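Chain by chain, the residues:
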Amino acid sequence: MKENNNKNHNGNGHTEISGAEAVINILIAEGVETVFGYPGGAIMPIYDNLMNVEDKVTHILTRHEQGAAHAAQAYAMVTGKPGVCLATSGPGATNLVTGIANAYLDSVPVVFITAQVVSTLIGTDAFQETDIIGVSMPVTKWNCQVKSASEIPEALSKAFYIATTGRPGPVLVDITKDAQIERLNFSYSKCDYIRSYNPHIPLHMKEIESAAILINHASRPMIIAGHGVLISHAEKELMMFAEKTGIPVALTLLGLSAFPSSHRLYAGYLGMHGNYAPNVLTNEADLLIAVGMRFDDRVTGNLKKYAPDASIIHIDIDAAEINKNVKVDVAINNDAGETLKSLIPLVNNNSYEKWIRAFRICDKTEFDTIIKNEIKPESGEIKMGEVVKLISDLTKGDAVIVTDVGQNQMVTARYYRFTEPNTLVTSGGLGTMGFGLPAAVGARLGSQKKNVISFLGDGGFQMTIQELGTIMQYNIGVKIVILNNSYLGMVRQWQDMFFSKRYASTEMVNPDFAAIAAAYRMPAKKVSERDELEPAVREMLATDGPFLLEVTVEKETNVMPMVQPGASVSEIKLTH
């Protein structure tokens, strides 16, 4: 038997290996199967050791570090596992920052591992040296720098534990090049406790009982469910709670797919461009039950005019979110699933037929005023809404949907009918244009059993268009739908509505997207006529592997309804 010259055992039975190999062993111990990244000088030892475990850990080489960050986030969102992303020092690390901030604002667990120059050069402005700890501190749940190989196991075990417990979020571990090369006596155990960090909060039964009393005496209650329901895997508990109480359920953007769109108690999508009923009736409710959401400005509109007649119950795992934006009557600082499970036995069987009817009346108003012409126009150019509705119908709502940011995102949220949990991947809090294409890569690799369809605008697509190279290299079977209106659509909408139609730097002269797809060896089709649309979509869905479909849509159209800046949610406008 040949001796492995890279390893030896000390007298204590521990294996002596390099810091870089320790990193790889830890990834395997944490169950990591896929990592996204981009190599460089400082992180070369880790990449060299990755080659030894290609049968256990698949590395996806994106075309830009930002793409790797977004792909890792999407992978985490569809799998429920932490995403992992690698980058080198200096510009490699700083290119991650947008993706880190995106994951931070949307509470997604991603472990970022960056490399740093050798420890003796830190602080000397060495080649490709950047203080990524200082840069990333405001947008990470936790970060640290490792200068010795012996520190690697503890740092990474903490990183995985912190990223995935409590309110999830991104963490970053910066490892100097000499720590990667240095040898250590390796042993590893997963972290399950950190002093002063208490992610699992015991149930507050007094508050839960107070909430049940409010619920049982409400006349016009509404549930607002957010991303926390999906993070907690509490979709069943939400369904049971809603069906027992008979309370309508409205969803935030990141909460979409937590409750089936076809359910009789589904009240619609909340937000600036959300459905008419849940927005306008928020201010008529006498009780709001907020579950795993943070009352951000896109949901509340003008805070001074928000829910003036409602008592508010707020269930959130992060105490910092409670009473931050909206003063609440019952604060339950607990996990969404555990709280709902404890509430269900305490609430009465009920129904609110008159209240539900108010939602249906609003739904009809919205359908007649807006939706009917958006999803089935009688003439004119193709509309974004009819593209999304067609794809929703043909997939029966059973696909993983990825969006970019802008009008394409809002239209998708409005017209795709979600049937299964964790089937929407989008950028919420940060609103990152360019998110959609690399996120589709991560979503597809994390969800092999469903179609992954990415709705993009022509503007956002071109921000990360290079990730077509990643799709080509690994033959990643994503379906890309470009809703091309030759504008930065959402910015143009605001210019139309608030800047006297002065379209400053928003009209785009675009390339031939189908020709670009062909250069990346990807089948593509461009559609500009309505009768071409359904055959093209069917062809896309039937194609094994990636496909790009460009649809020329109406150029100057506005996504309505809209809660205008400074307005109350009850002042939502159906038309412009």
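Residues numbered from 1 in each chain as written. Predicted model: local features only at pLDDT ≥ 70, side-chain atom pairs only at ≥ 80, totals over all residues. Heavy atoms only, no water.

Novice: Just to check I follow, could you spell out the overall build of the protein chain for this structure?
Specialist: On a plain count of helices and strands, the protein chain comes out with 23 helices and 21 strands. The C-alpha radius of gyration of the protein chain comes to 25 Å, within 12% of the 25 Å expected for a compact globule of 576 residues. Judged by the C-alpha coordinates and their principal axes, the protein chain covers about 75 × 60 × 45 Å. Taking all 576 residues of the protein chain together, 58% fall into the buried category. Contacts in the protein chain between residues far apart in sequence, at least 24 positions, make up 75% of those at least 6 positions apart. The average position of the 50 basic charges and that of the 62 acidic charges among the side chains of the protein chain differ by 4 Å. (Helix = DSSP H or I, 4+ residues; strand = E, 2+ residues; numbered from the N terminus. Rg over C-alpha atoms; globule rule 2.2 N^0.38 Å. Buried < 20%, exposed > 50% of the residue type's maximum accessible area, 1.4 Å probe, protein only. Contact = heavy atoms within 4.5 Å. Lys, Arg positive; Asp, Glu negative; His and termini not counted. Charge placed at Lys NZ, Arg CZ, Asp CG, Glu CD.)

Novice: Even after reading the chapter, I still don't get the pairing of strand 7 (residues 142-146), so can you show me in this structure?
Specialist: The side chains of a regular strand alternate between the sheet's two faces. By the bridge criterion, five bridges tie strand 7 to strand 8 (residues 171-176) in an arrangement that is parallel. What sits directly across from Cys144, in strand 8, is Val173. Handedness of the crossover joining strand 7 and strand 8 through helix 7 (residues 152-164): right-handed. (Pairing = 2+ DSSP bridges. Right-handed = clockwise from strand over helix to strand, strands pointing away.)

Novice: How should I be thinking about the side chain of Ser427 in this particular structure?
Specialist: Position of Ser427 among the secondary structure elements: in the loop between strand 17 (424-425) and helix 18 (436-446). Of note is the side chain of Ser427, whose polar atom sits 2.6 Å from the side chain of Asn102. (Polar contact = N/O pair within 3.5 Å; in protein donor to acceptor, adjacent residues only side chain to side chain.)

Novice: Would you explain the domain arrangement of the protein chain in this entry?
Specialist: As far as domains go, the protein chain holds domain 1 (8-186), domain 2 (205-358) and domain 3 (381-553). Summing both partners gives a buried area of about 630 Å² for domain 1 against domain 2, and 63% of it is carried by carbon and sulfur. Inspection of the region where domain 1 meets domain 2 yields two salt bridges. A salt bridge links Glu321 to Arg167; its shortest N-O distance comes to 2.7 Å. Grouping the constituent residues of the side of domain 1 that touches domain 2 by class yields four nonpolar, two polar and two charged. (Domains from an automatic or database assignment. Buried area = accessible area lost by both parts, 1.4 Å probe. Salt bridge = Lys/Arg side-chain N within 4 Å of Asp/Glu carboxyl O. Nonpolar A, V, L, I, M, F, W, Y, C, P; charged D, E, K, R; others polar.)

Novice: Looking at this model, I keep getting lost on the sheet that holds strand 6 (residues 110-116). Mind explaining?
Specialist: Sheet strands line up and pair through hydrogen bonds in the backbone, either parallel or antiparallel. Strand order in the open sheet made by the six strands is 4-3-5-6-8-7, with parallel pairing throughout. Of all strands in the sheet, those bounded by a partner on one side alone are strand 4 (58-61) and strand 7. Sheet twist, expressed as the average angle between the axes of neighbouring strands with direction ignored, equals 20 degrees. Sheet analysis places strand 5 (residues 83-87) next to strand 6, joined by five bridges and oriented parallel. The residue of strand 6 that forms the bridge with Val84 is Val111. (Axes fitted to C-alpha atoms, helices over the stretch in contact; angles between N-to-C directions.)

Novice: It is not clear to me how the state of the cysteines should be interpreted in this structure. Could you clarify?
Specialist: Note: disulfide means a covalent bond formed between the sulfur atoms of two cysteine side chains. Scanning the entire structure with this criterion turns up zero disulfides. Sulfur of Cys85: no disulfide; nearest cysteine sulfur belongs to Cys144 and is 16 Å away. Take Cys85: its relative accessible area is 0%, and that puts it in the buried class. (Disulfide = S-S within 2.5 Å.)

Novice: Can you walk me through the pattern of salt bridges in this structure?
Specialist: Any two side chains of opposite charge can pair, so long as their charged atoms come close to each other. All told, the structure shown has 22 salt bridges when counted by the stated rule. Connected via shared salt-bridge partners are Arg167, Asp318, Glu321 and Lys324.

Novice: Can you help me understand the packing of aromatic side chains in this one?
Specialist: Each aromatic ring pair is described using two quantities: the centre-to-centre distance and the angle formed by the ring planes. Applying the stated criterion to the full structure yields eight aromatic pairs. Their ring planes at 75 degrees and their centres at 5.4 Å tell us that Phe461 and Phe513 sit as a pair that is edge-to-face. With Phe461 in helix 19 (residues 458-463) and Phe513 in helix 22 (residues 513-519), this residue pair connects regions lying 52 residues apart in the sequence. Of the residues examined, Phe461 reaches a relative accessible area of 1% and is grouped as buried. On the numbers, 5.2 Å between centres and 75 degrees between planes, the contact of Trp494 with Phe498 is edge-to-face. Of this pair, Trp494 and Phe498 are both found in helix 21 (residues 489-498), four residues apart, which corresponds to roughly one turn of the helix. On the accessibility criterion, Phe498 (31% relative accessible area) is partly exposed. The side chain of Arg492 reaches across the aromatic face of Tyr487, ending 5.8 Å from its centre. (Phe/Tyr/Trp six-rings, centres within 6.5 Å; stacked < 30°, edge-to-face > 60°. Lys NZ or Arg CZ within 6 Å of the ring centre and 35° of its normal.)

Novice: What's the story with a nonpolar patch on the surface in this structure? I'm lost.
Specialist: The grouping of Tyr104, Leu105 and Leu430 at the surface amounts to a nonpolar patch, some 230 Å² of accessible area in total. Within the secondary structure, Leu105 is located in helix 5 (residues 97-105). (Patch = residues over 30% accessible without salt bridge, like charges linked within 9 Å, V, L, I, M, F, W, Y side chains within 5 Å. Areas by Shrake-Rupley, 256 points an atom, 1.4 Å probe, with all protein chains shown as cover.)

Novice: What exactly am I supposed to notice about the sheet that holds strand 11 (residues 249-251) here?
Specialist: Taken together, six strands build an open sheet; the order of strands is 12-11-10-13-14-15 and the sheet is parallel. Both outer strands of the open sheet, strand 12 (266-269) and strand 15 (330-332), are each paired with one neighbouring strand and no more. With strand direction ignored, the average angle separating the axes of adjacent strands in the sheet is 15 degrees. The sheet contact formed by strand 11 and strand 12 spans three bridges and is parallel. Each bridged residue has a counterpart across the sheet, and for Val249 the counterpart in strand 12 is Tyr266. The strands that helix 9 (residues 205-216) touches are strand 13 (287-291), strand 14 (311-315) and strand 15; relative to strand 15, the one it contacts most, it runs at about 135 degrees.

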